[in-house]
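Now for the letters of each chain:
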Amino acid sequence: MNPQLDEAIRQRGKAFFASIRGESPSIFNKGFWTGKVMDWAMQNEAFKVQLFRFVDVLPYLTTGDNLSRHIEEYFAGGEAGDIPAVLKWGAEKSGLFGGVAAKLMGKAIRSNIEGMARQFIVGETTREAVKNLGKIRKDGFAFTVDLLGEATVSEGESDAYRDGYLEVLAAIEAEQAHWKPFGAGTDDLDWGSAPRVNASIKPSALYSQARPMDFEGSVEGILARMRPVYRKIMAMGGALCIDMEQLKYKAITIELFKRLRADPEFRDYPHLSIVLQAYLRETEHDLRELISWGRAEGLPFGLRLVKGAYWDSETVVAKQMGWPTPTWTRKPESDMAHEKLARLILENSDLVYFQCASHNIRTIANVMETAAELGVPDNRFEFQALYGMAEPVRKGLLKVAGRVRLYCPYGELLPGMAYLVRRLLENTANESFLRQSFAEGAAEDLLLENPAATLARELAAHPPRPKAEPATLDGLTAFRDEPLADFTIAELRTAFPAAIAALHHKAGQTLPLVIGGQALETADRLPTVNPADPTEILAQVCQAGMAEVNQALAAAEAAFADWRDKTPRQRADVLLKAAAIARRDIVALAATQVLEVGKQWDQAYNDVGEAIDFLEYYAREAVRLGTPRRMGREPGEKNHLFYEPKGVCAVIAPWNFPLAIACGMTAAAIVTGNTVVFKPSGLAALVGYGLVTIFQEAGLPAGVFNFCPGRGSVIGDYLIEHPAVSTIAFTGSMEVGLRIQEKAAKVHPGQRYCKRVIAEMGGKNALIIDDDADLDEAIIGVVYSAFGFQGQKCSACSRVIVVDAMYERFVARLTEACASLAIGPAEDPTNAMGPVVDAAGQAKVREYAALARQEGDVLLERQIEGPGFYAPLVVVAGIRPEHRLAQEEVFGPILSVMRAASFDEAIAWANSTPFALTGGVYSRSPKHLDKARREFRVGNLYLNRNCVGAMVGRQPFGGSKMSGVGSKSGGPDYLLQFMEPRVVTENTIRRGFTPIDADDEWVE
Ligand SMILES: Cc1cc2nc3c(=O)[nH]c(=O)nc-3n(C[C@H](O)[C@H](O)[C@H](O)COP(=O)(O)OP(=O)(O)OC[C@H]3O[C@@H](n4cnc5c(N)ncnc54)[C@H](O)[C@@H]3O)c2cc1C
């Protein structure tokens, strides 16, 4: 930046500060409850966390008891100290506190927090909102009205969101004639350029099923409801701004903005705006692209530039998912980006009507001075601020710029609380300009400093940490999970249909057995089909008979000694190579699952990702366990514990995680030095064959892995009972798992091993919905856990146990949400649910659907016709623990809803089945969450999230009771099951002489 401009910005900023000296935003005014509480929160991080969490749960605390209990749980004792005086302040002042019942204190706290929320909301009803909008205009501010209510979980809710806009617009229409335009207006426009009516809208709320994977469906789904709103706005001569939400919706939002703007119906109407966020690294690219598009199309448009409201969540979510951080990570970088982008927009002011939305005086001064330098006419840009915030800034802006618009949310307090939490976070963040200027009194010079200089200072004081990961064992980097599918990447979205088309093209191929490294075709073949269209035979799979199984076992036995004698690192290297190959081919491997078992794109991708994780994780684990461990430190004696493989392992894999589980069991066996005979599920043999190609390319010696599909239990039993097999790794149903254990226990002639069985079996998993659960999250979590991949996961939620007080609200929204799911082939990303895997599965689900009609009250049953194996989606209420539907595993899209009188009863019911695999609790009560940790006895318990999708190394997976035997897959104990520990003891004393080693115990 040139020094004159920088100086002008600083001078402008100083004048701005001078014009508002002594003023403070009301949220920091310590004369009131809010200001005092904010002050305390900024001094005490633990209290701040509890306070914001409490604000979030408050609208759900509808009874006095519940309220008092939560106040106690959140604020009494613990890290935050006792209930701070500041929180009780209103109660004391009004004489309610001091021996008076906790309930009265609760009431006062509630009313104070609701008051705080109202400060940011222009009204709870349309009437109140419109009245206040009129007042705002009287004060000289324009407005943009926004309807609160961001998370819609069903199409009914999205309809309501659209209708809410139509309602408020109709009410405003009646008023707008009374509102005189600001400035020297012509054509009823404020400042000669801007319509008086302005609305802002959250696109994702307009289509409950919006998600990046279904890009086209999301764009059109949102537009279908946005069009009537924009049509109404155009009829009123107003303007619409499409807010920008989380990154996952960005590409969808830009696309729908372009389509709406270019729509023949609206093309000639220029008052449509979009928001871009300076905190995203890729925003400059988006902006340049939008400008080029506008020029090419001859379509002027509006643009609000913000820094961005979701910094914390974007950075955290990216870390959890394994994605690169999409935002700038140092605050001055976002400030710099805002300044750079502002200039670019102002340079194109003939095309783009600029809306600068910031409460930062440096950022604002930059826009003013840059506009002046470029000679941008006043009526080509305006300033925006949030209602209820930064009052001094907006006042100052009105004085110096005149053109100020307030962003005015309106609506019920329940969604209002979520909005309040965001505003509180924004005001109290350490990096916040408002906090630094008005609460901490930072020096003006620093606040107005060029952000490039601030950044340089920060970098000098806190240089970036070196990126390289520390090397761990044997030069290997630390394990990290494979990034989860990111469908915001356009290339990934287009790669799927291409890979699926290629598979259709190859349909009908013959899959041989692979034994001792040789392909072997047999006459007995079994087709594997597409469950969405069973007439499509994807492959004819050669079946092993007993002779071939013998051959495979002989090959595995022959390969064993050499493979056993390789070093753990040599074996690990093969796994690492296999991981690289699977990573390279991830979309093709995932597409196979989409077609062969009907898995949705994202879940198929993540299944392959999990297979890669198993390869990477077990490779490192094998190296870790491969170093002999000295036991005891007594001198004159050396004891070493080490592990050896057991021999030949039979891997019997399921079809539901067709690559991940097959790969996990196989990888564990081979990396520990065993050899494998692999029997894939007949329903997923094509996916299973993927392992053959991966291991072959990775250089696994012939005979170590033998691919041996075979018909049902006959071949399975033969394998299990065979004396050459030492270990059986199985994942599947409880019936088969128990039978394997029984058969494996019997010793056959010639057998030299006590067989070990590792069996992952079924689940009857429950999610508990407490009376204070966040319903937006809970419903999305339950629907995904119950119906993702048609409920055919051992971890799937098949019971939802709802605490009485929450029952009606939860069930009404849940049923609507389930009714909104699109059902159809997994090939089409619009569909959230597809067909079950085969006709037997379909028949079983139908039987349980009939049982649901007998045992409970069916709230929803969606029958889907089609050539595919579609099974009904059922939500059934009135189920009690004694019902079969509460006890038996269905493995399909049937969800039982149970109404528990209390949280304690819910936990007791959750534990009341023979299974103990996964479970979860949605609750915002710290005590209840704690109780669940102790008493909800399942292998994998999830608090406040869905109960599926365990990650290798982070959530080692597996259950107890009838859910399985053995240690958790993807965890530190898993490999031990495939090995025998041995100990060698050497007496090192010879004729009284013994060398003393450094790690020997000292002889005193
Ligand atoms: C009228 C209006 C409408 C808005 N509409 C939207 C919208 O549609 N979508 C949206 O996302 N936001 C929107 N916002 C922006 C958002 O809500 C915040 O108000 C805004 O980001 C705060 O920026 P600031 O310049 O006022 O404050 P400052 O205090 O100068 O900046 C704070 C911002 O810096 C960024 N930041 C904080 N820490 C870091 C860090 N470590 N590294 C990098 N960057 C960091 C964050 O974006 C944070 O919000 C809107 C704001 C206004 C005023």
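Coordinates for the structure precede this section.
Now for a quick tour of the structure. (Residues numbered from 1 in each chain as written. Predicted model: local features only at pLDDT ≥ 70, side-chain atom pairs only at ≥ 80, totals over all residues. Heavy atoms only, no water.)

**So, the overall build of the protein**
So, step 1. Helix and strand content of the protein: 33 helices and 31 strands.
So, step 2. For 1004 residues, the compact-globule formula gives about 30 Å, and the C-alpha radius of gyration of the protein, at 32 Å, lands near that figure.
So, step 3. Dimensions of the protein, computed from C-alpha atoms along their principal axes, come out at roughly 100 × 80 × 65 Å.
So, step 4. Counting across all 1004 residues of the protein, residues that qualify as buried make up 58%.
So, step 5. When contacts within the protein are restricted to residue pairs at least 6 apart in sequence, those whose partners lie at least 24 apart make up 76%.
So, step 6. Element-wise, carbon and sulfur atoms account for 54% of the exposed surface of the protein, whose accessible area totals about 39,000 Å². (Helix = DSSP H or I, 4+ residues; strand = E, 2+ residues; numbered from the N terminus. Rg over C-alpha atoms; globule rule 2.2 N^0.38 Å. Buried < 20%, exposed > 50% of the residue type's maximum accessible area, 1.4 Å probe, protein only. Contact = heavy atoms within 4.5 Å. Areas by Shrake-Rupley, 256 points an atom, 1.4 Å probe, with all protein chains shown as cover.)

**Some details on the sheet that holds strand 14 (residues 629-630)**
So, step 1. The strand order across the open sheet built from three strands is 14-15-31, with neighbouring strands paired in antiparallel fashion. Whereas interior strands pair on both sides, the edge strands pair on one side only; in this sheet they are strand 14 and strand 31 (979-987). (Pairing = 2+ DSSP bridges.)

**Thoughts on the packing of helix 27 (residues 712-721) against helix 28 (residues 734-745)**
So, step 1. Where helix 27 meets helix 28, the axes come as close as 9 Å, and the angle between the chain directions of the two elements is 40 degrees. With respect to each other, helix 27 and helix 28 are oriented oblique. In this structure, helix 27 meets helix 28 at a crossing whose hand is right-handed. Along its contact with helix 27, which presents Ser713, Asp717, Ile720 and Glu721, the element helix 28 presents Arg739, Ile740, Lys743 and Ala744. (Axes fitted to C-alpha atoms, helices over the stretch in contact; angles between N-to-C directions. Parallel < 35°, antiparallel > 145°, perpendicular 65-115°, else oblique. Left-handed = near helix turned anticlockwise from the far one by under 90°.)

**What to know about the side chain of serine 208**
So, step 1. Locating serine 208 in the fold gives a position in the loop between strand 2 (198-201) and helix 9 (215-236).
So, step 2. Residue serine 208 is classed as buried on the basis of its relative accessible area, which comes to 15%.
So, step 3. Among the polar contacts listed, one links the side chain of serine 208 to the side chain of glutamine 209, at a separation of 2.9 Å.
So, step 4. Beyond its immediate chain neighbours, meaning those up to four positions away, serine 208 contacts Thr152, Val153, Ser154, Glu155, Ser158 and Ser820. (Polar contact = N/O pair within 3.5 Å; in protein donor to acceptor, adjacent residues only side chain to side chain.)

**Things to note about the pairing of strand 7 (residues 381-386)**
So, step 1. Of all six residues in strand 7, six are buried, a share of seventy percent or more.
So, step 2. Of the two faces of strand 7, the one lined by Phe381, Phe383 and Ala385 and the one lined by Glu382, Gln384 and Leu386 are each fully buried.
So, step 3. With four bridges connecting them, strand 6 (residues 352-357) and strand 7 associate as parallel partners. Looking across to strand 7, one finds that glutamine 355 is bridged to glutamate 382.
So, step 4. Crossover strand 6 to strand 7 through helix 14 (residues 361-374) is right-handed.
So, step 5. Note that strand 7 and strand 8 (residues 404-410) share four bridges and pair parallel. Note that in strand 8 the partner of alanine 385 across the bridge is leucine 406. (Right-handed = clockwise from strand over helix to strand, strands pointing away.)

**Here we look at the site of the ligand**
So, step 1. Looking at the ligand, there are 31 residues lining it, with Gly308, Ser334, Ser358, Glu426 and Phe433 nearest.
So, step 2. Contact between the ligand and methionine 244: a nitrogen atom at 2.8 Å from a main-chain N or O atom of the residue.
So, step 3. In the environment of the ligand, an oxygen atom lies 2.9 Å from a nitrogen or oxygen atom belonging to the side chain of lysine 331.
So, step 4. Contributions of two or more residues to the shell around the ligand are made by strand 4 (272-277), strand 5 (301-306), helix 13 (331-347), strand 7 and helix 16 (413-428). (Near = heavy atom within 4 Å.)

**Structural notes on the side chain of glutamate 760**
So, step 1. Looking at where glutamate 760 falls in the secondary structure, it is placed in strand 20 (residues 756-760).
So, step 2. Sequence-distant contacts of glutamate 760, defined by excluding residues within four places in its chain, comprise Phe730, Thr731, Gly732, Leu917, Phe957, Gly958, Gly959, Ser963, Gly964, Ser967 and Ser969.

**Let's talk about the packing of aromatic side chains**
So, step 1. The tally for this structure, following the rule as stated, stands at 29 aromatic pairs.
So, step 2. Measuring from centroid to centroid gives 4.9 Å for phenylalanine 496 and tryptophan 601, while their planes differ by 10 degrees, and the two rings are stacked. Within this pair, whereas phenylalanine 496 is found in helix 20 (residues 490-506), its partner tryptophan 601 is found in helix 24 (residues 601-626), the two being separated by 105 residues in sequence. For the pair formed by phenylalanine 496 and tryptophan 601, the shared burial category is buried. (Phe/Tyr/Trp six-rings, centres within 6.5 Å; stacked < 30°, edge-to-face > 60°.)

**Looking at the nonpolar core**
So, step 1. Ranked by size, the top nonpolar core spans 132 residues in total, and within it Leu51, Phe54, Ile172 and Leu303 carry the most contacts.
So, step 2. It is helix 9 that contributes the most residues to this core, nine residues altogether.
So, step 3. Ranked by size, the runner-up nonpolar core spans 84 residues in total, among them Ala499, Leu575, Leu659 and Leu691. (Core = buried A, V, L, I, M, F, W, Y, C linked by side-chain atoms within 4.5 Å.)

**Some points on helix 33 (residues 926-935)**
So, step 1. Buried within helix 33 are the following residues: His928, Leu929, Lys931 and Ala932. Seen end-on, helix 33 carries its buried residues on one side only, within an arc spanning 160 degrees. Exposed residues pointing more than 90 degrees away from the buried face of helix 33 are listed as Lys927 and Arg933.
So, step 2. In this fold, the buried residues of helix 33 make contact with helix 4 (64-75), helix 32 (903-910), strand 27 (918-922) and strand 28 (940-943). (Arc of directions from axis to C-beta.)

Take it as geometry only, folks, not as evidence of what the structure does.
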